Amino acid sequence: MSDVAERQQWGSKAGFLMSAIGSAVGLGNIWRFPYVLYEQGGGAFLIPYLVAMFTAAIPLLVLEYTIGSQMRGTSALSWARIRAKYEWLGWLQAFFAGCIMVYYSAILSWAISYTRFAFTMAWGDDPNGFFFGSFLKLSDGPMQIGTVNLAVLAGLVLLWGSAFLVCSRRVRGLEKANLIMMPALFILMLIIIIRGLMLPGAAAGLNTLFTPDFHAMLNPRVWLAAYGHVFFSCSLASGVMVTYSSYLPKKSELTNSACIAGFSNSFFEILCAVGVFSILGFMAGQQGVPATEVATSGIGLAFIAFPAGFNTMGNLGVFFSITFFFALVVGGYTSLLSLMEAFIAPFTEKFKISRRKGYAILCSLGFAASILFTTNGGLYILDIADFFINNFGLVLVGLLEAFIVGWLLKTGYFRELANANSYFKFGRWWDACIRFIIPIMLSSTIMLSIRNLILNGYEGYPMIAMILYGALLIALCFVFSFVLQSKGWAIPVQTAEVQLPPGRGKGKEGK
Ligand code: TRP
């Protein structure tokens, strides 16, 4: 019996969708999108954002779903089935997922510590000093690693241990976790938003957020920011969607599912933006400054600005702190599970080892690697690795996926596979997105990032640290991907059930 026949499956379509949404909805929705929306033209940004959703995120989601569900494999196996020579592209996705997984777990561990601190608001009057000083004991620079932080280490043990227990037997475990945690996250977010909207100053915050700056739409950078953001936010190009969709039945509806997953993520994002800016509006009011002064994103928002804001809320602050950090943990945890699956499952196929064994070995390695981020220099390393992987690694993979399918294989063939069992069929506009819009927008995004990096550096980090933790990391992912491609498979790669896409110019066989 071939591995295809035995392939495990999701328990239900809802389970698959919830898991795909669970991967997409994460820290990015909570702490990245609100600021991007504000910074790139407020309400007016929604137009480039929607255009980017329709012309890049949804088409790529459909492409990844099609590849996974039709090639019946994780990212590496699916690409090996498409063409043996492209197997490395599947591995590259798995390795990037592996890198993100390692530092993502560290951020989640901080959020776990902060959920605990929230009960007593342990950060006191100086959240900034508390975070960098008392909590992380940050060193002076990325080349000074220092020692391990035991509280963060304990959080990591909890995260890796529980993820192992949840996922290592079957995908059904992963599915159950998502089916429970995503609705829970939604409720937590609703609580934050509803209570946030009742705060004095919330309206001012929302005005700051949504007031449209239509001029921004004339700026090409705003459009690139929209493409960059939707791409990141939908968890594309990291193997997650290919691997998740490989557990679908072969004859699955795909186009509608991609729209549901993509737009649920957008809905979540916009809700988060409303919640975050209501709270920022309140904080600005307390400090007597305009909301523009308190707006920030990322780690600074979650671990410094918000705790400072919660301090000014009296008793309500404890309630907001606990709900907020808990939501951060829940939202991030489902993304972490998806990263583990995308990284680990390809190895179990390539070497034909059981899930349990694969998870045991690679979770141990991942845990060991994540200890690096519990050190005093951890935050710097994390920041540099994250910057390189998001701005160069993932975008490059998305570009290559679209380029290979659009120019080296037959786009129309993939469209027919996508449409075969779908309620509504995508027309030739989809081919145009894959062949032109996505390659143009993603390559421009990469070029703009390279230009910025050369002109401005990144956060003033020394060159050696950027090379070591950023460029070298990406280069190593490439090297390992080619090494793995050169090794044989322990399972049959080509099976009768998988139809291979034709190359270009090889007659009409694929139409
Ligand atoms: N989409 C995630 C977020 O919004 C971030 C992310 C990007 C991600 N690529 C991923 C998460 C791959 C899991 C897997 O936070």
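A quick note: this is a predicted structure, and the numbers were derived from the prediction, not measured. Counting restarts for each chain, with residues numbered from 1 along the sequence as it is written. Residue-level local features of this predicted model are given only where pLDDT is at least 70; pairs of side-chain atoms are given and counted only at 80 or more, and the full residue set underlies all totals for whole chains, interfaces and linings. For side-chain calculations, the full set of non-hydrogen atoms in the structure is used, while hydrogens and water are omitted.

### A few points about the overall build of the chain
For the chain, the count of helices and strands is 21 helices and zero strands. When we talk radius of gyration, it's over C-alpha atoms, and the globule rule is simply 2.2 Å times the number of residues to the 0.38. Taking 24 Å as the expected radius of gyration for a compact globule of 511 residues, we find that the chain reaches 22 Å, a close match to that expectation. For the chain, the spread of C-alpha atoms along the principal axes amounts to about 70 × 50 × 45 Å. Once local pairs closer than 6 in sequence are excluded, the contacts in the chain between residues at least 24 apart make up 86%. Approximately 19000 Å² of the chain is accessible, and the part contributed by carbon and sulfur atoms is 67%. Counted as positive: Lys and Arg. Counted as negative: Asp and Glu. His and the chain ends are not counted at all. The location of each charge is read from NZ of Lys, CZ of Arg, CG of Asp or CD of Glu. Across the chain, the 33 positively charged side chains and the 23 negatively charged ones have centroids separated by 12 Å. Only DSSP runs of H or I covering at least 4 residues are called helices, and only runs of E covering at least 2 are called strands; the numbering of each starts at the N terminus. It only takes one pair of heavy atoms within 4.5 Å for two residues to be counted as in contact. Where accessible areas are quoted, they stem from the Shrake-Rupley method and a 1.4 Å probe; at the residue level, only the protein chains shown are allowed to cover.

### Description of the site of the ligand
When at least one non-hydrogen atom of a residue lies within 4 Å of a molecule or strand, that residue is treated as near it. For the ligand, the set of nearby residues contains 15 residues, the closest of which are Ala-24, Gly-28, Asn-29, Ser-235 and Ser-238. In the analysis that follows, any N or O atom pair within 3.5 Å is treated as a polar contact, provided that within protein one partner can donate a hydrogen and the other can accept it, and provided that, for residues neighboring in sequence, both atoms belong to side chains. Between an oxygen atom of the ligand and a main-chain N or O atom of Gly-28, the distance comes to 2.7 Å. When the ligand is considered free in solution it has 360 Å² of accessible area, and contact with the protein chains removes 99% of it. Elements with a minimum of two residues in the shell around the ligand: α2 (13–24), α3 (27–39), α11 (220–233) and α16 (315–350). Of the residues contributing to the shell around the ligand, the split by class is six nonpolar, nine polar and no charged. As a working rule, the residues Ala, Val, Leu, Ile, Met, Phe, Trp, Tyr, Cys and Pro are called nonpolar, Asp, Glu, Lys and Arg charged, and the rest polar, with Gly in that last group.

### Structural notes on the pattern of salt bridges
Basic side-chain nitrogens of Lys or Arg form a salt bridge, by our definition, when they fall within 4 Å of a carboxyl oxygen of Asp or Glu. Under the counting rule described, the total for this entry stands at five salt bridges. Of the charged contacts, one joins Lys-350 and Glu-87 as a salt bridge, the two residues approaching to 2.7 Å between their closest N and O atoms. One end of the pair, Lys-350, is in helix α16; the other, Glu-87, is in helix α6 (residues 87–118), with 263 residues separating them in the sequence. As far as the burial class goes, Lys-350 and Glu-87 line up, both buried. The residue Asp-431 makes a salt bridge to Arg-415 at a minimum N-O spacing of 2.6 Å. Note that Asp-431 is positioned in helix α20 (residues 428–456) and Arg-415 in helix α19 (residues 411–419), a separation of 16 residues in sequence. A residue is classified by how much of its surface remains accessible, and Arg-415, at 12% relative accessible area, is buried. Think of it in three bands: residues with accessible area under 20% of the maximum for their type are buried, residues over 50% are exposed, and the middle band is partly exposed, with areas taken using a 1.4 Å probe on protein chains only.

### Comments concerning a positive patch on the surface
Note that patches include only residues with greater than 30% relative accessible area and no salt bridge, and the join distances are 9 Å for like charges and 5 Å for nonpolar side chains (Val, Leu, Ile, Met, Phe, Trp, Tyr). Together, Arg-169, Arg-170, Lys-176 and Arg-356 make up a positively charged patch on the protein surface. In this fold, Arg-356 is placed in helix α17 (residues 355–370).

### Observations regarding unusual backbone geometry
In most cases, non-glycine residues show a negative phi, while peptide bonds are predominantly trans. For Arg-72, which is not glycine, the phi dihedral falls at a positive 55°. Along the chain, the position of Arg-72 falls in the loop between α4 (46–71) and α5 (75–82). One non-glycine residue, Lys-137, lies in positive phi territory at about 50°. Among the secondary structure elements, Lys-137 is positioned in the loop between α7 (127–135) and α8 (150–167).

### Description of α19
Of all nine residues in α19, eight are buried, a share of seventy percent or more. Residues of α19 that are buried include every one of Thr-411, Gly-412, Tyr-413, Phe-414, Arg-415, Leu-417, Ala-418 and Asn-419, and no others. If you follow the buried residues of α19, they end up packed against α4, α5, α13 (255–287), α18 (378–408) and α20.

### Here we look at the nonpolar core
One recurring pattern in soluble globular proteins: nonpolar side chains tend to sit buried together. Judged by nonpolar contacts, the single largest core of 187 residues is most densely connected at Trp-110, Phe-131 and Phe-303. The element contributing the most residues to this core is α6, with 22 residues. In contact with Trp-110, not counting residues within four places along its chain, are Phe-131, Phe-135, Leu-136, Val-152, Ile-299, Phe-303, Leu-379 and Leu-382. Here, the term nonpolar core denotes a set of buried Ala, Val, Leu, Ile, Met, Phe, Trp, Tyr and Cys residues that are joined through side-chain atoms within 4.5 Å.

### A few points about helix α10 (residues 202–210)
Among all positions of α10, only Ala-202, Gly-205, Leu-206 and Leu-209 are buried. Buried residues in α10, looked at end-on, bunch into an arc of 95°, giving them a common side. Facing away from the buried surface of α10 by more than 90 degrees, the exposed residues are Ala-203 and Asn-207. Buried residues belonging to α10 abut α3, α9 (171–197), α13 and α14 (291–294). The directions from the helix axis to the C-beta atoms form the arc being described.

### With respect to the packing of α8 against α16
A fitted line through C-alpha atoms represents every axis, and for helices the fit uses only the stretch in contact; the resulting angles, taken between N-to-C directions, go from 0 to 180 degrees. Where α8 contacts α16, the two axes come as close as 11 Å, and the packing angle between them is 65°. Judged by the inter-axis angle, α8 sits roughly perpendicular to α16. In this structure, α8 meets α16 at a crossing whose hand is right-handed. Each of Leu-159, Trp-160, Ser-162, Ala-163, Val-166 and Cys-167 in α8 lies in contact with α16, whose residues at this interface are Tyr-333, Leu-336, Leu-337 and Met-340. Classifying every residue of the contact of α8 with α16 by side-chain character gives nine nonpolar, one polar and no charged. Note on angle classes: values under 35 degrees are labelled roughly parallel, values over 145 roughly antiparallel, values of 65 to 115 roughly perpendicular, and the remainder oblique. For any helix crossing, the convention is left-handed if the near helix is rotated counterclockwise from the far helix by under a right angle, and right-handed if that rotation is clockwise.

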